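Overview (structure and organization)
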Amino acid sequence: MKIAEDIYVLPIPRGSQGADGFLNLTLILDDDNGNTLIDAGLPGQEEAIGGALGDAGGIGVRDLRRIIFTHQDLDHIGSGAALVRQSGARVLAHPADTPYIEGELRPLKVTPEMLEQRPQMREALERLEPIDVDEYLEDGARLELAGGIRVIFTPGHTPGHLSLYLERPKVLIAGDALTAEGGRLNGPNPSATPDVGEAARSVSRLAELDVETIVCYHGGVVDEDANGQLRRVVQETSRGRGD
Ligand SMILES: [Zn+2]
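The structure displayed is predicted, hence computed values, not measured ones.

1. Some words on the environment of Y217
For Y217, the position within the fold is in the loop between β14 (213–216) and β15 (220–222). The exposure class of Y217 is buried, given its relative accessible area of 2%. When the C-alpha positions of Y217 and H161 are compared, they lie 13 Å apart, and in sequence the two are 56 residues distant. Those residues in contact with Y217, other than ones at most four positions away along the chain, are F22, L23, N24, L25, D39, A40, G41, D75, H76, G175 and D176.

Below, the structure written as structure tokens:
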């Protein structure tokens, strides 16, 4: 799905037939500076991602120059290692999530309780391969791609979560700092967000941007009154944390 010039959202079915919803990866095409994929699905989804790259942007995995991870969670980095092997893409992430992505630390949210509740995650975890991070992205960094991309540090969902703001088309790639359902914007999923107070502060930071389109990894595209919806979510999330 094309959301702006050279910007595509790639919905990848989470389970078979999409019964468990979709993961919404983003592709940024840039002929001069190389193509960028934001997040990389669950382990074993490299073929589905390759197909989506072709359908949306007419490119293959080999044409990826870089992969940016919004954060360390399994459903975001899962096929990263396979895609890097096929493409030689550079990997970019925030330093606070890097030890988890590189396999030095166990993924933060994988606990015995979580595996008990969601046994299907055990298989995903077993298939997860560590990925070397080539470049750190810190708050305020600017990537000279697609008219300029600003890195916004949005911790809370994980300690090193980042969001990306594409300045020219005013697109916000929110990762899991925000969620959506049928075009309605919501705050981060509290049951998957260890630090809800920090996450609420991150939402406030995002609301300072002038946004036309928001891409939520879980829930997809929000383009109806994006600024207004963001302000509403700030109200809701700050109430949720009791101040
Ligand atoms: Zn996620």
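2. Side note on the coordination of the zinc ion
Distances from the zinc ion to its protein donors, D75 (OD), H76 (NE2), D176 (OD) and H218 (NE2), fall at 2.1 to 2.7 Å. Spacing between the donor residues of the zinc ion along the chain follows D-H-x99-D-x41-H. On the criterion of sequence distance, the pair formed by H76 in helix α2 (residues 74–77) and D176 in the loop between β11 (171–175) and β12 (179–181) is long-range, its members being 100 residues apart.

3. Here's the deal with the pattern of salt bridges
With the rule as written, the count across this model stands at 14 salt bridges. A salt bridge links K109 to D73, with the shortest nitrogen-to-oxygen separation between them at 2.8 Å. In this pair, K109 sits in the loop between α4 (98–101) and α5 (112–117) while D73 sits in the loop between β5 (64–68) and α2, placing the two residues 36 residues apart along the sequence. Each member of the pair K109 and D73 is classed as buried.

Reading the values: the criteria
- Residues numbered from 1 in each chain as written.
- Predicted model: local features only at pLDDT ≥ 70, side-chain atom pairs only at ≥ 80, totals over all residues.
- Heavy atoms only, no water.
- Helix = DSSP H or I, 4+ residues; strand = E, 2+ residues; numbered from the N terminus.
- Buried < 20%, exposed > 50% of the residue type's maximum accessible area, 1.4 Å probe, protein only.
- Contact = heavy atoms within 4.5 Å.
- Donors = N, O, S within 2.8 Å, 3.2 Å for Na, K, Ca; no water.
- Salt bridge = Lys/Arg side-chain N within 4 Å of Asp/Glu carboxyl O.

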